[in-house]
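Structural features, examined
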Amino acid sequence: MNRTLLIVKPDGVERGLVGEVLARLERKGLRLVVGRLEVIPRDLAAAHYAEHQGKPFYDDLLAFITRSPAFVAVVEGPKDTWRILRTLMGPTNPAEAPPGTIRGDLATETAENLVHGSDSAEAAAREIALFFPQLA
Ligand code: ATP
Ligand code: MG
């Protein structure tokens, strides 16, 4: 099986959309392997979003992703799971996300775009090891 990291970000938990997101993934054919609700520690958030360090939105991004509990999970499918999840999510900017996608149907702002999904097979392996070292 082929795995990727999913985060329902604090805005999604605050808005009560964890079930909605998981239902969409499950209807597609992805399955939950493990998941937990947690306030992501700041050092973990910084490691996770290290590629964005120095960008203008970085400080706000870290404050946002750590402000209240997120639902962090590993999902799996037969193949290309990271790509399937990214397709279900839609583009980063919800204004560009088509109807039918999670961000297209449920979000309006880039800064609060509900979900994270790893953006490559390598990123999935790295991020799963970061949040769920017992699975790596
Ligand atoms: P994620 O990594 O959270 O799945 P993504 O891969 O679609 O999102 P990235 O380019 O990796 O997009 O950006 C990471 C996150 O940083 C975005 O999801 C968004 O929350 C925030 N972000 C990115 N660009 C901007 C921006 N221009 N203004 C505000 N926030 C931004
Ligand atoms: Mg990203």
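As annotated in an unreviewed UniProt entry, the chain carries the name Nucleoside diphosphate kinase and comes from Aciditerrimonas ferrireducens. According to its UniProt record, the chain has this under Sequence similarities (unreviewed entry): "Belongs to the NDK family."

What about the site of ligand 1?
Residues in close proximity to ligand 1 total 14 residues, the closest being K9, Y49, R86, T92 and H116. A distance of 2.8 Å separates an oxygen atom of ligand 1 from a polar side-chain atom of R86. Interatomic distance of 3.4 Å between a backbone N/O atom of G117 and an oxygen atom of ligand 1. Relative to its unbound accessible area of 580 Å², ligand 1 is 77% covered by the protein chains. In this structure the site holding ligand 1 corresponds to the largest pocket.

Examining empty space enclosed by the protein
Applying the stated criterion to the full structure yields 1 cavity of 30 Å³ or more. For the largest cavity, the calculated volume is near 40 Å³. L22, L25, E26, L30, R31, L32 and V75 are the residues that line the largest cavity. Of all the elements in the fold, those that place two or more residues in the lining of the largest cavity are helix 2 (18-28) and strand 2 (31-38). Looking at side-chain class alone, the lining of the largest cavity contains 5 nonpolar, no polar and 2 charged residues.

Observations regarding the packing of helix 2 against helix 5 (residues 81-89)
Contact pair helix 2 / helix 5: the axes reach a minimum separation of 11 Å and the direction vectors enclose 130°. Between helix 2 and helix 5, the interaxial angle falls into the category oblique. For the element pair helix 2 and helix 5, the recorded crossing hand is right-handed. Each of R24, L25 and K28 in helix 2 lies in contact with helix 5, whose residues at this interface are I84, L85 and L88.

Section: the pattern of salt bridges
Taken as a whole and assessed by the stated rule, the structure comprises 7 salt bridges. For the salt bridge of E20 with R24, the shortest nitrogen-to-oxygen distance reads 2.7 Å. One end of the pair is E20 and the other is R24, both in helix 2 and 4 residues apart, which spans about a single turn. On the basis of relative accessibility, which here comes to 32%, the residue E20 falls in the partly exposed class. Put simply, R126 and E127 hold a salt bridge, and the shortest N to O gap is 4.0 Å. Judged by its relative accessible area of 39%, R126 is partly exposed. According to the relative accessible area criterion, E127 is buried, its value standing at 3%. Residues participating in the shared-partner salt-bridge network are E14, R67 and E112.

Thoughts on the UniProt feature "domain: Nucleoside diphosphate kinase-like" (unreviewed entry) in the chain
The residues that UniProt annotates with the feature "domain: Nucleoside diphosphate kinase-like" (unreviewed entry) are residues 1-135. Here residues 1-135 is 41% helix and 19% strand, with 13 Å between the C-alpha atoms at its ends.

Each value, and the rule that gives it
Residues numbered from 1 in each chain as written. Chains lettered and ligands numbered in written order. Predicted model: local features only at pLDDT ≥ 70, side-chain atom pairs only at ≥ 80, totals over all residues. Heavy atoms only, no water. UniProt positions renumbered as here; feature names shortened; annotations may be inferred. Near = heavy atom within 4 Å. Polar contact = N/O pair within 3.5 Å; in protein donor to acceptor, adjacent residues only side chain to side chain. Areas by Shrake-Rupley, 256 points an atom, 1.4 Å probe, with all protein chains shown as cover. 1 Å grid on protein atoms, 1.4 Å probe; cavity = no way out; pocket = protein on both sides within 12 Å on 5 of 7 lines; lining within 4 Å. Sits in = over half its atoms within 2 Å of the grid points. Points joined across faces, edges and corners; volume = space filled by probe spheres on them. Helix = DSSP H or I, 4+ residues; strand = E, 2+ residues; numbered from the N terminus. Nonpolar A, V, L, I, M, F, W, Y, C, P; charged D, E, K, R; others polar. Axes fitted to C-alpha atoms, helices over the stretch in contact; angles between N-to-C directions. Parallel < 35°, antiparallel > 145°, perpendicular 65-115°, else oblique. Left-handed = near helix turned anticlockwise from the far one by under 90°. Contact = heavy atoms within 4.5 Å. Salt bridge = Lys/Arg side-chain N within 4 Å of Asp/Glu carboxyl O. Buried < 20%, exposed > 50% of the residue type's maximum accessible area, 1.4 Å probe, protein only.

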